[in-house]
Amino acid sequence: MDKIKCECGHVNPEGTVLCEACGKPVERNQHIDGNDKTKLLNMRYEGSARRSQTYNRSIVDKIWNFFSSVKVGVWLIVLALIASGLGTIYPQEMYIPAEAVNRDPAVFYEASYGLLGKIYYQLGLHNLYSSWWYMILIALIGISLVICSIDRFVPLHRALKNQQPKRHSNFLSRQRLYSLSENVSEDEREVVIDRLKKQRYKIMNKDGNILAEKNRFSRWGPYVNHIGLIIILLAAILRMTPFLFLDDYIWVREGEQKVIPSTDGDYYIKNNRFILETYDEDDEKFQAAMEQKGELTHKNYQTDVVISKVVGEKITGVEPELEKVTEGSIQMNKPLKFDGYTLYQSGFQENEFSSMTFKVYDVNDEDETSLGEVKVENLMSPEKTYTLDNGIEVHLNKYYPDYEMDNGEPRSVSKFPRNPAFVFEITDPDTGKKEISFLGIGKNIDATGENQYKLGIVDFEMHYVSGLTVRKDYTLPFFVVGAAIFMIGVIQGMYWQHRRVWINPEGDGIAMAAHTNKNWFGLKKDIEKAIENTNIKMVVDQEERERKEQEEQEA
């Protein structure tokens, strides 16, 4: 890289706008700062050379320059926000309802949402937040933050660390706040320095040239923000790893014990009981809500569970040995925690049949005297064949857990027994004759009209099904730390300002200039207190003066 030597003898990197030693504007880079030599200086990044504005030769330079652009970073964030919004239009794949007829995403989205659902699936939006392109987008935002920060932090840090009290007269006169005072005594100068010290300015004195500075740390606020954001982005990416993050769903029926998903078969849950409590319908406080909903208002959803862990070796086809880990109740906003996992009460299904009992009787018997009973237990997976004491054999030919008619054909809406219907085959023990009967709730059909035996429902049992969210999240501390660091950066840059005052001898008087990254009014008040009752002139806001002059000319 070419070097630029200032008249003060300091060698500056190419692209430097202001000499790092004396602050004199670099003539060959005036196009960056404007050709007008009386124009106020651009003090952004102290006029130091940034890599993105210096190198543009190799492919690495071009990539660096691309990601160092703030506009590129903003557009990446906008694209991520748009993509995230699209991912909320329809439920993500993991949230497809368990009771759906077909949970295959290729079928579910089109069946549920039509053409838009099909397009949604084909674009991969059904599994957006773990998709490779979304992760790449998040990673690109992180890369942009890192490169933007390094590209600006390194030259800024170098410039602030090496700044000198003695500054070129052109540097001082082209600051926004500037004054030139004559006949200033040494005592007055010392008074000003002492007053600045009392205002917590750090004084640097070199051969009578003074630099008073305070709150330099506030300049690093934006970079602290970037560190916090990078940690948050890393946490978002880590959520894609099952070791650190798990979010799954499980339906458990009362009395049922099953494996907790995404735990490698190590943990089992048993639903001892589901409790649904409602407010008293006579309570006046809830009358309006009940009338609006047309039903009783629920006040408690609760699942009493036992969590067990597999001990010993897991052998396929062999019931594992379980050891109880914990036992408790899961309520809304009161989850159950165990071994790094958390169970949340997220839903329930009611009026699901668990078993049905039928009697077999002779169609010619007016009293319908029972010849025996068939109890179909576990309607999620019923047995196929039942033999009565008198030898009559009942075989379950077809089973529709959630029966409905579709174009004259029976089918099941779902795999859950909410409206069960059965096709039974009854075999007479004496003649071996087989008869077919269709039986459901409110339906008892003899297809031929010649059957000798008939089935009738005599009893049934129902249960609740509890919907639980299984979650494990070790990324939360990363989010908390990232958010805390981000807020520290916000506070750091918002409530403090980097203020500097240069006082350089100028003949019998002094030249005073000042700069801050914001709150110019506060800086002027500091200077006003420091020079009170001295011959030093108050600094003039040259930007404000130019604006007033321009307004007068236009008027």
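Residues numbered from 1 in each chain as written. Predicted model: local features only at pLDDT ≥ 70, side-chain atom pairs only at ≥ 80, totals over all residues. Heavy atoms only, no water.

Chemist: When you look at helix α8 (residues 186–198) in this model, what are you seeing that I'm missing?
Modeler: Spanning 13 residues, α8 covers 19 Å between terminal C-alpha atoms, matching the ideal 18 Å at 1.5 Å per step. Structurally, α8 contributes buried residues whose contacts are with β4 (202–206), β5 (209–214), β22 (499–506), β23 (509–516) and α12 (520–530). Once α8 ends, the next one or two residues include R200, with phi positive near 70°. (Helix = DSSP H or I, 4+ residues; strand = E, 2+ residues; numbered from the N terminus. Expected span 1.5 Å × (residues − 1). Contact = heavy atoms within 4.5 Å.)

Chemist: Would you take a moment to explain the pairing of strand β21 (residues 453–473) for this structure?
Modeler: The two faces of a sheet get side chains in turn, since along a regular strand they alternate between them. As paired strands, strand β6 (residues 245–253) and β21 are joined by nine bridges and run antiparallel to one another. By the bridge assignment for β21, R253 is matched with V465. With 17 bridges joining them, strand β12 (residues 341–362) and β21 adopt antiparallel strand pairing. In the sheet register, T357 faces β21, and the bridge partner there is D459. (Pairing = 2+ DSSP bridges.)

Chemist: What's the story with a negative patch on the surface in this structure? I'm lost.
Modeler: Together, E546, E549, E551, E552 and E554 give the surface a local cluster of negative charge. Examined against the element boundaries, E546 turns out to sit in helix α13 (residues 542–554). Judged by its relative accessible area of 37%, E546 falls in the partly exposed class. (Patch = residues over 30% accessible without salt bridge, like charges linked within 9 Å, V, L, I, M, F, W, Y side chains within 5 Å. Areas by Shrake-Rupley, 256 points an atom, 1.4 Å probe, with all protein chains shown as cover. Salt bridge = Lys/Arg side-chain N within 4 Å of Asp/Glu carboxyl O. Lys, Arg positive; Asp, Glu negative; His and termini not counted. Charge placed at Lys NZ, Arg CZ, Asp CG, Glu CD. Buried < 20%, exposed > 50% of the residue type's maximum accessible area, 1.4 Å probe, protein only.)

Chemist: What is the right way to read the packing of aromatic side chains from this model?
Modeler: The relation between two aromatic rings is expressed through the spacing of the ring centres and the mutual angle of the planes. The full count for this structure, using the stated rule, is 29 aromatic pairs. A ring pair is formed by F108 and Y109, whose centres lie 5.3 Å apart and whose planes are at 80°; its orientation type is edge-to-face. The exposure classification of F108 matches that of Y109, with both residues buried. With centroids separated by 5.1 Å and ring planes inclined at 90°, the aromatic side chains of F171 and W502 adopt a geometry described as edge-to-face. Pair noted here: F171 is in helix α7 (residues 169–173) and W502 is in strand β22, with a separation of 331 residues, a long-range link. Residue F171 is classed as buried on the basis of its relative accessible area of 1%. (Phe/Tyr/Trp six-rings, centres within 6.5 Å; stacked < 30°, edge-to-face > 60°.)

Chemist: Honestly, the environment of Y249 in this entry has me stumped. Any pointers?
Modeler: Relative to the helices and strands, Y249 is located in strand β6. Accessibility expressed as a relative area gives 28% for Y249, which makes it partly exposed. Spatially, the C-alpha atom of Y249 lies 43 Å from that of E435, the residues being 186 residues apart in sequence. Residue contacts for Y249: discarding those within four places in its chain leaves P261, S346, G347, G467, L468 and T469.

Chemist: Before we go on, may I ask you to explain empty space enclosed by the protein in this structure?
Modeler: To find the voids left in a structure, one rolls a probe of water-molecule size over its atoms. Overall, the coordinates contain two cavities of 30 Å³ or more when judged by the stated rule. Along the walls of the largest cavity sit L18, C19, E20, G23, E46, A159, R167 and F171, which together make up its complete lining. Looking at side-chain class alone, the lining of the largest cavity contains four nonpolar, one polar and three charged residues. (1 Å grid on protein atoms, 1.4 Å probe; cavity = no way out; pocket = protein on both sides within 12 Å on 5 of 7 lines; lining within 4 Å. Points joined across faces, edges and corners; volume = space filled by probe spheres on them. Nonpolar A, V, L, I, M, F, W, Y, C, P; charged D, E, K, R; others polar.)

Chemist: I tried to follow the layout of surface pockets on my own but got confused; where do I start?
Modeler: Of the volumes computed, that of the largest pocket is approximately 870 Å³. Taken together, 32 residues line the largest pocket, and the ones lying closest to its centre are M94, Y95, D247, D248 and Y249. Going through the elements one at a time, β6, β7 (257–259) and β21 are the ones with two or more residues in the lining of the largest pocket. It is β6 that provides the largest number of residues to the lining of the largest pocket, a total of eight residues. Residues that form the lining of the largest pocket fall into these classes: 17 nonpolar, four polar and eleven charged. Of the voids in this model, the second largest pocket is the one considered here, and its volume is about 550 Å³. Considering the residues around the second largest pocket, the lining is formed by 27 residues, among which I77, I141, L145, L229 and L233 are closest to the centre. Among the secondary structure elements, those contributing two or more residues to the lining of the second largest pocket are α4 (70–86), α6 (132–161) and α9 (221–238). Among the residues forming the lining of the second largest pocket, the class breakdown is 19 nonpolar, five polar and three charged.

Chemist: Explain the pattern of salt bridges to me, please; I cannot follow it from the model alone.
Modeler: When charged atoms on two side chains of opposite charge get close, those side chains can pair. The tally for this structure, following the rule as stated, stands at 27 salt bridges. Measuring nitrogen to oxygen at the nearest pair gives 3.1 Å for the salt bridge that ties E20 to R158. Remark: R158 occurs in helix α6 and E20 occurs in the loop between β2 (11–13) and α1 (30–33); sequence separation between them is 138 residues. The partner of R239 in a salt bridge is D473, with the nearest N and O atoms 3.0 Å apart. Here R239 is found in the loop between α9 and β6, whereas its partner D473 is found in strand β21, with 234 residues between them in sequence. Residues joined by salt bridges that share partners form a network here, namely R176, K524, D541, E543, E544 and K548.

Chemist: Whenever I open this one, the sheet that holds β22 confuses me. Can you help?
Modeler: In sheet architecture, strand pairing relies on hydrogen bonds along the backbone and comes in two forms, parallel and antiparallel. Pairing is antiparallel in the open sheet, where six strands are placed in the order β4-β5-β22-β23-β3-β24. Edge positions in the sheet fall to β4 and β24 (540–541), since each has one partner strand and no second. For β4 and β5, the ladder comprises five bridges, and the chain directions are antiparallel. When the bridges of β5 are listed, I203 appears paired with A212. Strands β3 (177–181), β5, β22, β23 and β24 of the sheet are contacted by α12, whose axis makes an angle of about 150° with β23. (Axes fitted to C-alpha atoms, helices over the stretch in contact; angles between N-to-C directions.)

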